Amino acid sequence: MPPTDASADTGPVPVHPGPSGHPGDPGRRGPAEDSRDCEDTLDLRLPDELLAPIAGKTPDPDERAPGPTHDRPGPLGSPGLLSLPGTLDLLDEVGTWGPVESPVGLFHLTPVHVERDLPIIGGWMNDPAVAAFWQLAGSQAQTEDHLRAQLTGDGRSVPCLGVLDGTPMSYWEIYRADLDPLARHYPARPHDTGVHLLVGDVADRGRGLGSALLRAVADLVLDHRPACARVVAEPDLHNTPSVAAFLNAGFRYAAEVDLPGKRAALMIRDRSLRHLM
């Protein structure tokens, strides 16, 4: 059972992990299209990249993301492991999104290299405040299995280190919510993108970092995933500080949803409202 969440500002910020860009903003759109971004309507359609194999077409090799490197991992901030050879890039090359200025410093999502990053992530998972929600305490083998399941999967979830001013301080999962089991529990729309987060160091909790970084990462998603109109999350409904952190980060409270192990607040950040909230 994947973990529930904890407060973005008073503790770790895991938002219920599921299993497991082309750069640029599409620009300002007309009022009719803007209004549709805020409608929680079910309009599911398999992405073109998934329809191609069904139709017997072979994706253009030039359009595939580069395969993984299995040699020594690069430094923090390098693109990292983007996808396995022949797999689909479902998240517009998270590793190439680059750093973003935030109110709390220069922030960079860098895809996880297991050999390089397992010790620090495994240490965070053994923090009792984190372990209570992520349930990955104990041997680092559990955390390694959790990371490799994403890195060797179909590309719908990318585990990342959050690096603030050159220091790794948080763990993130950027995932395709519309292709995740979460989509069974809310009116998903194509290319909805989800986020899971934990803040690793106790010293980084309780001082407003969670909201600032949630806003920064949501902006990265919307800037680099032109097909994505919404960033979603599902903190535990009863975790008031966590819900408040998402609200402070520009997310809106959309609904209550029953997920395995918790009743969650469905939080959504809309592209059309990003400069208003």
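One structure accompanies this document, and this report is about it. The structure presented is a predicted model; accordingly, all values stated were derived computationally and were not measured.

### Examining the environment of V130
Reasoning step 1: Take V130: it is sitting in helix 4 (residues 128-134).
Reasoning step 2: Take V130: its relative accessible area is 0%, and that puts it in the buried class.
Reasoning step 3: Linking V130 and V199, residues 69 residues apart in sequence, is a C-alpha distance of 8.7 Å.

### Topic: the sheet that holds strand 2 (residues 105-111)
Reasoning step 1: Judged by pairing direction, the sheet is mixed, and its 8 strands sit side by side in the order 1-2-3-4-5-6-8-7 without closing on themselves. On the outer flanks of this sheet lie strand 1 (100-102) and strand 7 (252-259), each paired with one strand and no other. The mean angle between the axes of side-by-side strands here comes to 30 degrees, regardless of whether they run parallel or antiparallel.
Reasoning step 2: As defined by bridge partners, strand 6 (residues 230-233) adjoins strand 8 (residues 262-270) across 4 bridges and the pair is classed as antiparallel.

### Topic: the pattern of salt bridges
Reasoning step 1: Taken as a whole and judged by the stated rule, the model has 15 salt bridges.
Reasoning step 2: Note that D127 is salt-bridged to R205, the shortest N-O span being 2.9 Å. Highlighted residues: D127 in the loop between helix 3 (114-125) and helix 4 and R205 in the loop between strand 5 (193-199) and helix 6 (209-224), separated in sequence by 78 residues. The pair D127 / R205 is uniform in exposure class, with both members buried.

### Things to note about the pairing of strand 5
Reasoning step 1: Strand 5 sits mainly inside the fold: 7 of its 7 residues count as buried.
Reasoning step 2: Residues T193, V195, L197 and V199 line one face of strand 5 and the alternating positions G194, H196 and L198 line the opposite face, and both faces are buried.
Reasoning step 3: Alignment of strand 4 (residues 167-176) against strand 5, held across 7 bridges, turns out to be antiparallel. Bridge pairing links I174 to V195 in strand 5.
Reasoning step 4: In terms of strand pairing, strand 5 meets strand 6 through 2 bridges, oriented parallel. Paired with T193 across the strands is V231, a residue of strand 6.
Reasoning step 5: Following the chain from strand 5 across helix 6 to the adjacent parallel strand 6, one finds a crossover that is right-handed.

### Comments concerning helix 3
Reasoning step 1: Helix length check: helix 3, at 12 residues, gives a terminal C-alpha distance of 14 Å against a target of 16 Å (1.5 Å per residue), a shortfall beyond 12%.
Reasoning step 2: Residues V114, D117, L118, I121, G122, W124 and M125 constitute the buried set of helix 3. Down the axis of helix 3, the buried side of the element spans an arc of 145 degrees, and every buried residue falls inside it.
Reasoning step 3: Those residues of helix 3 that are buried lie in contact with strand 2, helix 4, helix 5 (140-151), strand 3 (157-164), strand 4 and strand 5.

### Remarks on the packing of helix 3 against helix 5
Reasoning step 1: Between helix 3 and helix 5, the shortest axis-to-axis distance is 9 Å and the interhelical angle comes to 125 degrees. For the element pair helix 3 / helix 5, the angle class is oblique. Read as a crossing pair, helix 3 and helix 5 show a hand that is right-handed. Contacts between helix 3 and helix 5 involve V114, E115, L118, P119, I121, G122, G123 and M125 from the first element and Q140, T143, E144, L147, R148 and L151 from the second.
Reasoning step 2: In terms of residue class, the contact of helix 3 with helix 5 is made up of 7 nonpolar, 4 polar and 3 charged.

So, how was this worked out
- Residues numbered from 1 in each chain as written.
- Predicted model: local features only at pLDDT ≥ 70, side-chain atom pairs only at ≥ 80, totals over all residues.
- Heavy atoms only, no water.
- Helix = DSSP H or I, 4+ residues; strand = E, 2+ residues; numbered from the N terminus.
- Buried < 20%, exposed > 50% of the residue type's maximum accessible area, 1.4 Å probe, protein only.
- Pairing = 2+ DSSP bridges.
- Axes fitted to C-alpha atoms, helices over the stretch in contact; angles between N-to-C directions.
- Salt bridge = Lys/Arg side-chain N within 4 Å of Asp/Glu carboxyl O.
- Right-handed = clockwise from strand over helix to strand, strands pointing away.
- Expected span 1.5 Å × (residues − 1).
- Arc of directions from axis to C-beta.
- Contact = heavy atoms within 4.5 Å.
- Parallel < 35°, antiparallel > 145°, perpendicular 65-115°, else oblique.
- Left-handed = near helix turned anticlockwise from the far one by under 90°.
- Nonpolar A, V, L, I, M, F, W, Y, C, P; charged D, E, K, R; others polar.

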